[in-house]
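# A closer look at the structure
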Amino acid sequence: MTPTLVDSNILLDIATKDPDWFDWSCHALETAANESTLVINAIIYAEVSIRFERIEELETAIPVSLYRREPLPFEAAFLAGKAFLRYRRRGGARIRPLTDFFIGAHAAIAQYRLLTRDARRYRTYFPSVELVSPQS
């Protein structure tokens, strides 16, 4: 099965025991883990790290034994920049972080599925990416 890039919102739902999304995210992550290799990149790692005081706590939450860590391909960085430019030209807010575009581009370039609960932007700017989301 195609590897699954796990968006930070899924990992944060679980780490924070989000009252609205914890159950869905746990089930979706478990299903993805049973079907494929789970992947994160440094951007996802950085976004999740905000919820932890120490790197050891983060490493326990997203252990290397369960999540393959990959660098962001340069081709994905280029694609992220182009997608962000389209977003801005369509009137997208300047304050919106570029991070979602890096994550979507990584999934697109690597031809990975993307596990996320925020499918709209990915669907719009990365239509080739197979999404696993509540809206799927």
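Notes on the structure follow. Worth saying up front: this structure is predicted, and the values here are computed from it rather than measured. (Residues numbered from 1 in each chain as written. Predicted model: local features only at pLDDT ≥ 70, side-chain atom pairs only at ≥ 80, totals over all residues. Heavy atoms only, no water.)

### Details of the pairing of strand S2 (residues 38-41)
Burial along S2 is two-sided: Leu 38 and Ile 40 facing one way and Val 39 and Asn 41 facing the other are all buried. In terms of strand pairing, strand S1 (residues 4-6) meets S2 through two bridges, oriented parallel. Paired with Thr 4 across the strands is Leu 38, a residue of S2. (Buried < 20%, exposed > 50% of the residue type's maximum accessible area, 1.4 Å probe, protein only. Helix = DSSP H or I, 4+ residues; strand = E, 2+ residues; numbered from the N terminus. Pairing = 2+ DSSP bridges.)

### Observations regarding the packing of helix H3 (residues 42-49) against helix H6 (residues 99-110)
Where H3 contacts H6, the two axes come as close as 9 Å, and the packing angle between them is 140°. Relative to H6, H3 is oriented oblique. By crossing handedness, the relation of H3 to H6 is classed as left-handed. Of the residues in H6, those in contact with Ile 43, Ile 44 and Glu 47 of H3 are Thr 99, Phe 102 and Ile 103. Each residue belonging to the contact of H3 with H6 can be placed in one class, and the counts come to four nonpolar, one polar and one charged. (Axes fitted to C-alpha atoms, helices over the stretch in contact; angles between N-to-C directions. Parallel < 35°, antiparallel > 145°, perpendicular 65-115°, else oblique. Left-handed = near helix turned anticlockwise from the far one by under 90°. Contact = heavy atoms within 4.5 Å. Nonpolar A, V, L, I, M, F, W, Y, C, P; charged D, E, K, R; others polar.)

### A look at the sheet that holds S1
If you walk across this open sheet you meet the five strands as S3-S2-S1-S4-S5, and the pairing is parallel. This sheet does not close on itself; its edge strands, each paired only once, are strand S3 (67-70) and strand S5 (131-132). Here S1 runs beside strand S4 (residues 113-115); their pairing, made up of three bridges, is parallel. Residue pairing for S4: Leu 5 is matched across the bridge by Leu 114. Contacts from H6 reach S1, S2, S3 and S4, with the element oriented near 170° to S1.

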